[in-house]
Amino acid sequence: MRIPLFINRQKELDDLKKLFQSSPNSIVFVYGPKSCGKTTLMLKAYEELSETHPQKFTFYWFDLRTKFISGYDSIIDLFFSTTDIKERTAKGAQERIAVDLKVFHVEKTRWEELKARRLDPFDLMMDEIRRDVEKGRRVNIVFDELQRLRDVYVAENRNLIDELFDFFIALSKVYHLANVFVATSDTFFIEEIWTRSRLEGSAHYFKVEWLDESEVRNFLIENGLSEGEADLVIEKIGGHPWALSELLGHIKGGKKVQEFVQQMLELAKAKVRTLLLFSDETAENREDVKRVLSLFVDRDSVEIGSLDEPSLYTPTIKFLCSKELLFYDPLDGKLMPSTKPILHAIREVLG
Ligand SMILES: Nc1ncnc2c1ncn2[C@@H]1O[C@H](COP(=O)(O)OP(=O)(O)OP(=O)(O)O)[C@@H](O)[C@H]1O
Ligand SMILES: [Mg+2]
């Protein structure tokens, strides 16, 4: 994967590179609102490190968005390949970044033993990582969208996620062999894992924010927008990287900035209206959705702890986060609309 356009976020990039270089000691949850740029940032950090320190790093990289995992066999297919990495990348040479992003390599016979469950996949992974470490390489393992494995079981009553986290703790905190990075925008998933796998003292958070608005403003002006147009984009859309690259595409196609902004707001309003009208079977649930969204009519964010009887709101908050209308930051306990267009839409529809 090439990164076509990267609006500078130097501090986060430097911090992440430091984590990729650090001696393995913990699991890192890379989190932030949907589409804020987590994957792109991680790839950029990886790409820069590979350029400045060739041969120094091994990255095992699992992008779960593109995988369908249903049971033991597909788990083995996810982690292992019998094809050598060089062979695979020769075929897909257009993807320069794929060169060192690998899954675990096994001989054909071992692969068959794995599939027949005569070998423990975690033992094999650990062996390969040890070999990398012995060669003096810093090993990082990245799981992008790990929540997609939430309901996968390796055997009856054995959840894959729980097994994985035991393994991650062994790799990082216990044997100091690899850093483990887990990226997700589903922060309730992180909280669930944190409690269930008893991660206190073994894991920490790395937040990816929306792009810095003053950087975005400069970027827009460099790309030919007037001051007024740049202000409008910042006010209505903010540092939303996906929207910004779409905006540039629209401008190239001859569309006006105002038109694009309006379109984003209309889309956001449609999303809010749809949820208000159709969210769930009962009128009562719709009232809950309305009550929670109304919290943002006159403020940008709320601390969940400051709500009267927060537990009454919890199912609706979780529901709205799962629909990507809201984002919950587990570090400061704040809940907010997931994007600026959604914030404006809530105000227009409910204000
Ligand atoms: N720093 C950046 N500069 C320019 N474009 C960016 C930047 N970061 C991300 N993008 C673009 O924004 C879009 C979303 O980015 P990305 O997929 O990295 O977000 P994400 O947080 O991983 O999203 P998700 O929550 O869906 O996993 C992509 O189209 C990407 O190319
Ligand atoms: Mg992503």
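Reading the values: rules and limits
- Residues numbered from 1 in each chain as written.
- Chains lettered and ligands numbered in written order.
- Predicted model: local features only at pLDDT ≥ 70, side-chain atom pairs only at ≥ 80, totals over all residues.
- Helix = DSSP H or I, 4+ residues; strand = E, 2+ residues; numbered from the N terminus.
- Rg over C-alpha atoms; globule rule 2.2 N^0.38 Å.
- Buried ≥ 20, exposed ≤ 12 C-beta atoms within 10 Å, placed from the backbone.
- Contact = placed C-beta atoms within 7 Å.
- Near = placed C-beta within 6 Å.
- Nonpolar A, V, L, I, M, F, W, Y, C, P; charged D, E, K, R; others polar.
- Pairing = 2+ DSSP bridges.
- Expected span 1.5 Å × (residues − 1).
- Axes fitted to C-alpha atoms, helices over the stretch in contact; angles between N-to-C directions.
- Parallel < 35°, antiparallel > 145°, perpendicular 65-115°, else oblique.
- Left-handed = near helix turned anticlockwise from the far one by under 90°.
- Core = buried A, V, L, I, M, F, W, Y, C linked by C-beta atoms within 7 Å.
- pLDDT = per-residue confidence, 0-100.

Comments concerning the overall build of the protein chain
- Summing up its helical and strand segments, the protein chain has 15 helices and 13 strands in all.
- Here the C-alpha radius of gyration of the protein chain, 22 Å, is about what a compact globule of 351 residues would show, namely 20 Å.
- With 351 residues in all, the protein chain has 30% of them scored as buried.
- In the protein chain, 75% of the contacts between residues at least 6 apart in sequence involve partners at least 24 apart.

Topic: the site of ligand 1
- What surrounds ligand 1 is a group of 16 residues, the closest being Gly37, Lys38, Thr39, Thr40 and Pro241.
- If you list the elements that add at least two residues to the shell around ligand 1, you get helix H2 (38-52) and helix H11 (241-252).
- Residues that form the shell around ligand 1 fall into these classes: six nonpolar, seven polar and three charged.

Topic: the sheet that holds strand E13 (residues 334-337)
- The strand order across the open sheet formed by three strands is E11-E13-E12, and the pairing between neighbours is antiparallel. With partners counted over all chains shown, the strands left at the sheet margins are strand E11 (302-303) and strand E12 (326-329), one partner each.

With respect to H2
- If you check H2, its first and last C-alpha atoms are 21 Å apart, about what 15 residues at 1.5 Å a residue would give, namely 21 Å.
- Looking at H2, one finds that the buried residues are Lys38, Thr40, Leu41, Met42, Leu43, Lys44, Ala45, Tyr46 and Leu49.

A closer look at the packing of helix H10 (residues 227-236) against helix H12 (residues 257-278)
- One can describe the packing of H10 onto H12 by two numbers: an axis separation of 10 Å at closest approach and a directional angle of 10°. Taken together, the axes of H10 and H12 are roughly parallel relative to one another. Along its contact with H10, which presents Glu229, Leu232, Val233 and Lys236, the element H12 presents Val257, Gln258, Val261 and Leu265.
- Within the contact of H10 with H12, the residues separate by chemical class into five nonpolar, one polar and two charged.

Thoughts on the pairing of E13
- Pairing geometry for E11 and E13, over two bridges, is antiparallel. Pairing of Val302 across the sheet is with Leu335, part of E13.
- Examined bridge by bridge, E12 and E13 share four bridges and lie antiparallel to one another. Across the sheet, residue Asp329 finds its bridge partner in E13, namely Lys334.
- Following E12, the chain reverses through four residues before pairing antiparallel with E13; Gly333 in that reversal takes a positive phi of roughly 70°.

Re the packing of helix H9 (residues 213-222) against H10
- At a minimum axis separation of 9 Å, H9 and H10 run at an interaxial angle of 145°. Seen from above, H9 lies across H10 with right-handed handedness. When H9 is examined against H10, the residues Glu213, Val216, Arg217, Leu220 and Ile221 are found in contact with a partner set consisting of Ala230, Val233 and Ile234.
- Residues belonging to the contact of H9 with H10 are distributed by class as follows: six nonpolar, no polar and two charged.

Focus on the nonpolar core
- Core analysis: the largest hydrophobic core is formed by 45 residues, its most contacted members being Val30, Met42, Val180, Phe181 and Val182.
- For this core, the leading source of residues is helix H7 (residues 160-174), giving seven residues.
- Non-local contacts of Phe181, meaning those with residues more than four positions away in its chain, are made with Val28, Val30, Met42, Asn140 and Val142.
- Membership of the second largest hydrophobic core comes to 29 residues, among which are Leu220, Ile237, Val292 and Ile342.

So, the confidence of the model for the protein chain
- In the predicted model, the protein chain carries a mean pLDDT of 88, and the fraction of residues at 70 or more is 91%.
- pLDDT under 50 marks residues 86-100. Its contacts with residues more than four places away, or in other chains, come to 13 contacts.

Brief notes about the environment of Arg117
- On the secondary structure map, Arg117 appears in the loop between helix H5 (108-115) and helix H6 (121-134).
- Residues Arg117 and Glu287, 170 residues apart in the sequence, show an inter-C-alpha distance of 50 Å.

Description of the environment of Thr187
- Structurally, Thr187 is set in helix H8 (residues 187-196).
- If we ignore the near neighbours within four places in the chain, the residues touching Thr187 are Tyr31, Tyr328, Asp329 and Pro330.

Regarding the environment of Arg138
- With respect to the helices and strands, the residue Arg138 is situated in strand E6 (residues 138-144).
- Of the residues examined, Arg138 has 19 C-beta atoms within 10 Å and is grouped as partly exposed.
- Sequence spacing of Arg138 and Arg198 is 60 residues, and the spatial spacing of their C-alpha atoms is 26 Å.
- Sequence-distant contacts of Arg138, defined by excluding residues within four places in its chain, comprise Gln21, Lys56 and Phe57.

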